[in-house]
Amino acid sequence: MSSEKDITVVHVMRHGEVANPDGVLYGRLPGYHLSDLGRRMAERVAEHLASRDVTRVVASPLERAQETATPIAKAHGLDLGTDARLIEAENVFQGKTFGVGDGALRRPENWKHLVNPFRPSWGEAYVDQVVRMTGALEAARDAARGHEAVLVSHQLPIWIVRSYVERRRLWHDPRKRQCTLASLTTFTYEGDRIVSVGYSEPARDLVPVHLLAGAKPVKGQPGQGKAFGA
């Protein structure tokens, strides 16, 4: 039975760097794994959380999320759970390159997918991401009641659920998302109610400068300029 005095902490982590030399928008495609640097990021966050009272670790079914979560679960002697609600946002540009300076916005075949940035028209509706992500958060809260949980997901869904909780509009400038690789967005619950949201970057020194939150996109740089999640 829950109590209004129960304090439960749910950390939602973005996965580490992915091996993606061609700069493909990998979305929900299988076969994209952490790079060597990404594995170092995952280990760093596992070390950061090692002393915390973590009783539940769950990841998106995609390989990069599972690989990021594995050292965290191992550090706490826990089995790694999977929750499909933590998956990357659905996206019509999946499998294509779509970054700063590549001319994608000038291609007529793409225009029909860019007509409504408020929904957005190129993929999964923001409101649908809110519904599934809040469901995953609440499930983790209930499973770790009075303790801490770690969920590993993807940039766009994490930013959207945080924006919802903090009562910001869901449509946004993707360059201004505060959700760097291997970062933690932390939701603290009192009973069933979120009372605070925090953000930290335990592996910040490992993240390439051009990929830090708020960094200016660099033309031709793989992984830059993707408004559609990662």
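So, a few notes on the structure that sits alongside this text. (Residues numbered from 1 in each chain as written. Predicted model: local features only at pLDDT ≥ 70, side-chain atom pairs only at ≥ 80, totals over all residues. Heavy atoms only, no water.)

### Examining the nonpolar core
Let me state the cut-off plainly: Definition used in this section: a nonpolar core is a set of buried Ala, Val, Leu, Ile, Met, Phe, Trp, Tyr and Cys residues joined via side-chain atoms within 4.5 Å. Between buried and exposed lies partly exposed: a residue is buried under 20% and exposed over 50% of the maximum accessible area for its type, with that area taken using a 1.4 Å probe on protein chains only. Secondary structure follows DSSP: runs of H or I at least 4 residues long count as helices, runs of E at least 2 residues long count as strands, and numbering of each begins at the N terminus. Contacts are assigned to residue pairs that have any heavy atoms within 4.5 Å of one another.
In this structure, Met-13, Met-41, Val-45, Val-57, Ile-72, Val-150 and Val-152 are the most contacted members of the largest nonpolar core, which totals 23 residues. Listed by contribution, the elements that provide at least two residues to this core are helix 1 (36-49), strand 2 (54-59), helix 2 (63-75) and strand 4 (148-153). In terms of residue count, the dominant contributor to this core is helix 1 (five residues). Not counting the four nearest positions on each side in its chain, Val-45 is found in contact with Met-13, Ile-72, Ala-182, Leu-184, Pro-202 and Ala-203. Counting residues in hydrophobic clusters, the runner-up holds 16 residues, among them Val-10, Val-58, Ala-136 and Tyr-189.

### Quick notes on the pairing of strand 4
Applied cut-off: Note on pairing: two strands pair once DSSP finds at least 2 bridges between them.
With six of six residues buried, strand 4 lies mostly within the body of the structure. Where strand 1 (residues 7-14) and strand 4 come together, six bridges link them in parallel fashion. Its bridge partner being in strand 4, Val-9 is matched across the sheet by Glu-148. Here strand 2 runs beside strand 4; their pairing, made up of five bridges, is parallel. Looking at strand 4, one finds that Ala-59 is bridged to Val-152.

### A word on the pattern of salt bridges
Just so we agree on the cut-off: We define a salt bridge as a contact between a side-chain nitrogen of Lys or Arg and a carboxyl oxygen of Asp or Glu at a distance within 4 Å.
Taken as a whole and judged by the stated rule, the model has 16 salt bridges. A salt bridge links Glu-124 to Arg-132, with the shortest nitrogen-to-oxygen separation between them at 2.8 Å. Across the pair, exposure class does not vary: Glu-124 and Arg-132 are buried alike. Salt-bridge contacts for Asp-173 lead to Arg-175; the nearest nitrogen and oxygen are separated by 2.8 Å. A residue is classified by how much of its surface remains accessible, and Asp-173, at 23% relative accessible area, is partly exposed. Classification of Arg-175 by relative accessible area gives exposed; the value is 52%.

### Remarks on the packing of aromatic side chains
Basically, it comes down to this: Geometry of aromatic contacts follows a simple scheme: Phe, Tyr and Trp rings, the Trp one being its six-membered ring, pair when their centres are within 6.5 Å, and the pair is stacked under 30 degrees between planes, edge-to-face over 60, tilted otherwise. Charges are assigned to positions over rings by a cutoff of 6 Å between ring centre and Lys NZ or Arg CZ, combined with an angular limit of 35 degrees from the ring normal.
Per the counting criterion, the structure on display carries one aromatic pair. With centroids separated by 5.1 Å and ring planes inclined at 35°, the aromatic side chains of Tyr-26 and Tyr-32 adopt a geometry described as tilted. Across the pair, exposure class does not vary: Tyr-26 and Tyr-32 are buried alike. Above the ring of Trp-171, the side-chain terminus of Arg-169 is found at 3.8 Å from the ring centroid.

### Points about the environment of His-147
Summarising the element assignment, His-147 is placed in the loop between helix 4 (126-143) and strand 4. Classification of His-147 as partly exposed rests on a relative accessible area of 34%. Considered as a pair, His-147 and Ile-7 are 140 residues apart in the sequence and their alpha carbons are 7.1 Å apart. Not counting residues within four places of it along the chain, the set of residues in contact with His-147 comprises Ile-7, Thr-8, Val-9, Asp-53 and Thr-55.

### A word on the side chain of Arg-177
The condition that has to hold: Residues counted as positive are Lys and Arg, residues counted as negative are Asp and Glu, and His and the chain ends are not counted. By the criterion applied in these results, polar contacts are pairs of N or O atoms within 3.5 Å in which, for protein atoms, one can donate a hydrogen and the other can accept it, and in which residues neighboring in sequence qualify only through two side-chain atoms.
Relative to the elements of secondary structure, Arg-177 occurs in the loop between helix 5 (155-165) and strand 5 (184-190). Lacking a salt bridge, the buried Arg-177 has Glu-88 as its closest oppositely charged neighbour, with an N-O distance of 7.4 Å. Among the polar contacts listed, one links the side chain of Arg-177 to the side chain of Gln-155, at a separation of 2.7 Å. Within the local environment of Arg-177, its side chain forms a polar contact with the side chain of His-172, the two groups lying 2.8 Å apart.

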